[in-house]
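Breakdown of the fold
Single-letter residue listing:
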Amino acid sequence: MTADRPAPYSPAPHSPAPLSPSPRTTVGRGRNRMVTDRAVLHELLADALVAHLGVVVDGHPVVLPTAFAADVDGPDPDGTLYVHGSVAAGWLRAATDRTVCVTVTELDGLVAGRSTFHHSMNYRSAVVIGRARVVDDPRERGRALDLIVDHMIPGRSATLRPSTRKELAATAVLAVPLHEASVKVRTGGPVDEPEDVAAGTWGGHVPLRRVAGAPVPDQDAPGPVPAEVVARAAELSAGR
């Protein structure tokens, strides 16, 4: 037996706050790379594919990579970041109703300085801190799971069968408010000492981008590759 798809979820509207709204999300070092425009956070969350969630489990910190999705118009203050996992996962139980830290990073380049000290990386990085809640509302949970799938391959969720009750019972979704967030961005070449530049040592940077290969059908997958998969591979192959 399968469960029907939930009705569309309609969160309450709210006005976004600037980034770094609290002391624990205020950038200390490298403030010249701090971003206050929340739109930059939204762009990074749309572009990145992997988040890392940090939580204390049995008295020690654990940081785990996870698929995610962001709903910038979600029900939490300034939007919602969703992750999901097995209801039996220890990290998920530990994170429930606790403060967690979620980081998202895109590596955009390797910076070759003219000294060891000035080697660096170009990046876009976000830190989100907030109290994680279990999503109990069926409509919100269904929307969150669709968002996570569509974040990987846009349009994919609409082509899939509804999740079974057994699958839904085995899956938990956590929501983290996007209110407390900070973003740092580094671009361009090295920031070298004038004497190192004058010495003639080469400096510069190596741009990096994510590129996808052609879709590989499973051995028992019938028919052509679905349009949404082809489109996603093409989008990533173009470095977007």
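Residues numbered from 1 in each chain as written. Predicted model: local features only at pLDDT ≥ 70, side-chain atom pairs only at ≥ 80, totals over all residues. Heavy atoms only, no water.

This brings us to the pattern of salt bridges. Close approach of charged atoms allows side chains of opposite charge to pair. All chains considered together, the criterion is met by 14 salt bridges. The residue R133 makes a salt bridge to E140 at a minimum N-O spacing of 2.7 Å. A relative accessible area of 4% places E140 in the buried class. Between E167 and R161 there is a salt bridge; the shortest N-O distance is 2.7 Å. Sharing partners across several salt bridges, the network here consists of D47, E106, D108, R124 and R210. (Salt bridge = Lys/Arg side-chain N within 4 Å of Asp/Glu carboxyl O. Buried < 20%, exposed > 50% of the residue type's maximum accessible area, 1.4 Å probe, protein only.)

This next bit is on the environment of T36. Within the fold, T36 resides in the loop between strand 1 (34-35) and helix 1 (38-47). Among the residues examined, T36 registers a relative accessible area of 48% and is labelled partly exposed. Taking the C-alpha atoms as reference points, T36 and K184, separated by 148 residues in sequence, lie 9.1 Å from one another. The residues touching T36, leaving out its near neighbours within four places in the chain, are P18 and L19. (Helix = DSSP H or I, 4+ residues; strand = E, 2+ residues; numbered from the N terminus. Contact = heavy atoms within 4.5 Å.)

Turning our eyes to something else, we now look at the sheet that holds strand 5 (residues 80-86). Across the sheet, four strands lie side by side as 4-5-9-8; this open sheet has antiparallel pairing. Bordering the open sheet on either side are strand 4 (69-71) and strand 8 (133-134), each of which pairs with just one other strand. Bridge count for strand 8 against strand 9 (residues 171-177) is two bridges, and the pairing is antiparallel. Within strand 9, the position partnered with V134 by the bridge is L174. Packing against the sheet, helix 3 (residues 138-152) makes contact with strand 4, strand 5, strand 8 and strand 9, and its axis sits at approximately 90° to strand 5. (Pairing = 2+ DSSP bridges. Axes fitted to C-alpha atoms, helices over the stretch in contact; angles between N-to-C directions.)

Geometric values such as these leave the question of function open.
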